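Descriptive analysis of the structure
Take a look at the letters that make up each chain.
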Amino acid sequence: MKELALALHLATVALVALARTASAQTPDLLACSGPFAREADEAALIKAFGAANVQRARIEIGEGEKAAGAILFPKDKKSRLELIWRDGKTRRGPSTIYVRQGSAWAVAGPAGERLAIGSALAAVEAANGKPFSILGFDWDYSGTAADWQGGKLEKAFGGCRLTIRFGYPKDADAKALDRLSGDKEFSSADPDMRLVKPTAYEILLSWPD
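First, a word on what this report is: a plain description of the structure on this page. Remember, it's a predicted structure, so these values are computed and weren't measured experimentally. For every chain, the first residue of the written sequence is number 1, and numbering continues from 1 along that sequence. Totals for whole chains, interfaces and linings use every residue, but because this is a predicted model, local features are given only for residues with pLDDT of at least 70 and side-chain atom pairs only at 80 or more, for both listing and counting. Hydrogens and waters are ignored; side-chain quantities use all the structure's heavy atoms.

**Topic: the pattern of salt bridges**
- A pair is scored as a salt bridge if a Lys or Arg side-chain nitrogen falls within 4 Å of a carboxyl oxygen belonging to Asp or Glu. Applying the stated rule across the entire model yields 10 salt bridges.
- Asp41 is paired through a salt bridge with Arg92; the nearest N and O atoms lie 3.1 Å apart. Of this pair, Asp41 sits in the loop between helix H1 (2-24) and helix H2 (42-49) while Arg92 sits in strand S4 (residues 92-99), and the two are 51 residues apart along the sequence.
- Remark: exposure states derive from per-residue accessible area (1.4 Å probe, protein chains only) relative to the maximum for the residue type, with buried under 20%, exposed over 50%, and partly exposed in between. Accessibility expressed as a relative area gives 38% for Arg92, which makes it partly exposed.
- Three or more residues joined by partner-sharing salt bridges are found here, namely Arg80, Glu82, Arg100, Arg165 and Glu202. The numbering of helices and of strands both runs from the N terminus, where a helix is a DSSP run of H or I of at least 4 residues and a strand a run of E of at least 2.

Okay, here's the thing in structure tokens:
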């Protein structure tokens, strides 16, 4: 009987471990806590996601520059996340976490809204509770949400700053798009912005330096 009880106990432990592993590999709501806390390190990522799913890499951060970081689930587009370290030598302290095109990860808005790749500008504005500023299109910082204008998304992420980059559909109104192009700030409530109907193509959570 003792042998049977021990066998059942070990089987239960194995099933729980398997469930936790499966859960850890499923895209979820991204938060600046746990393996992504301010002082987290590579070891925390490996503990949370498994050594096989954490790859050291130089991460593209814009304008042709790269920084030391990590890729989670590099072979699974839907589960993929990228981050850069504040201290690249010790691989400690997430600086910015990137949810890029194709990833199924998301962030939770103040009322539990799921903000993800493909989220419409209107949905993000509703989560913010008011219009926000967005940079013009077709330049280096094209479609970047620059300022939440004191809205709910300003301080909704436990010390992290949320940035969302928006793109426009191929059939976007050409005249409206022309008026929205370049290094300028626009309101998300701008009639031309409404006409173009941008959607999120990249989401970033960043710890301040």
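Now that the structure has been shown, we can carry on.
**Things to note about the packing of aromatic side chains**
- Planes of paired rings set the category: under 30 degrees apart is stacked, over 60 is edge-to-face and the rest tilted, where pairs are Phe, Tyr or Trp rings (Trp by its six-membered ring) whose centres lie within 6.5 Å. A complete count under the given rule lists 7 aromatic pairs for this structure.
- Judged by centre distance (6.4 Å) and plane angle (75 degrees), the ring pair of Phe49 and Trp105 falls under edge-to-face. In this pair, Phe49 is assigned in helix H2 and Trp105 in the loop between S4 and strand S5 (106-108), connecting sequence segments 56 residues apart.
- Residue Phe49 is classed as buried on the basis of its relative accessible area of 8%.
- Aromatic ring contacts, followed pair by pair, group Phe36, Phe49, Phe73 and Trp105 into a single cluster.

**Thoughts on the nonpolar core**
- If you look at the biggest cluster of nonpolar residues, it comprises 43 residues, and the most contacted ones within it are Leu30, Phe36, Leu45, Leu162 and Phe166.
- Any two residues whose heavy atoms approach within 4.5 Å at even a single point are treated as in contact. Those residues within four positions of Leu30 in sequence are excluded, and the remaining contacts are Phe36, Leu81, Ile97, Val99, Trp105, Ala106, Val107 and Leu205.
- By size, the runner-up hydrophobic cluster in this structure holds 6 residues, among which are Ile59, Ala67, Tyr98 and Leu204. Buried Ala, Val, Leu, Ile, Met, Phe, Trp, Tyr and Cys residues form a nonpolar core when they are joined through side-chain atoms within 4.5 Å.

**With respect to unusual backbone geometry**
- The backbone phi angle of Phe73 is positive, close to 50 degrees, even though this residue is not glycine.
- Residue placement: Phe73 occurs in the loop between strand S2 (65-72) and strand S3 (81-87).
- Given the relative accessible area of 5%, Phe73 is considered buried.
- Backbone geometry at Arg91 places phi at a positive 55 degrees, although glycine is not the residue there.
- Looking at the element boundaries, Arg91 is found in the loop between S3 and S4.

**Side note on the state of the cysteines**
- Defined by distance alone, a disulfide is two cysteine sulfur atoms within 2.5 Å. According to the stated counting rule, one finds 1 disulfide in the structure shown.
- The disulfide that involves Cys32 links it to Cys160, with 1.9 Å between the sulfurs. A torsion of -110 degrees about the S-S bond marks the disulfide between Cys32 and Cys160 as left-handed. With a gap of 128 residues between them, Cys32 in the loop between H1 and H2 and Cys160 in the loop between strand S8 (145-147) and strand S9 (161-167) connect regions that are remote in the sequence. Considered together, Cys32 and Cys160 belong to a single accessibility category, that of buried residues.

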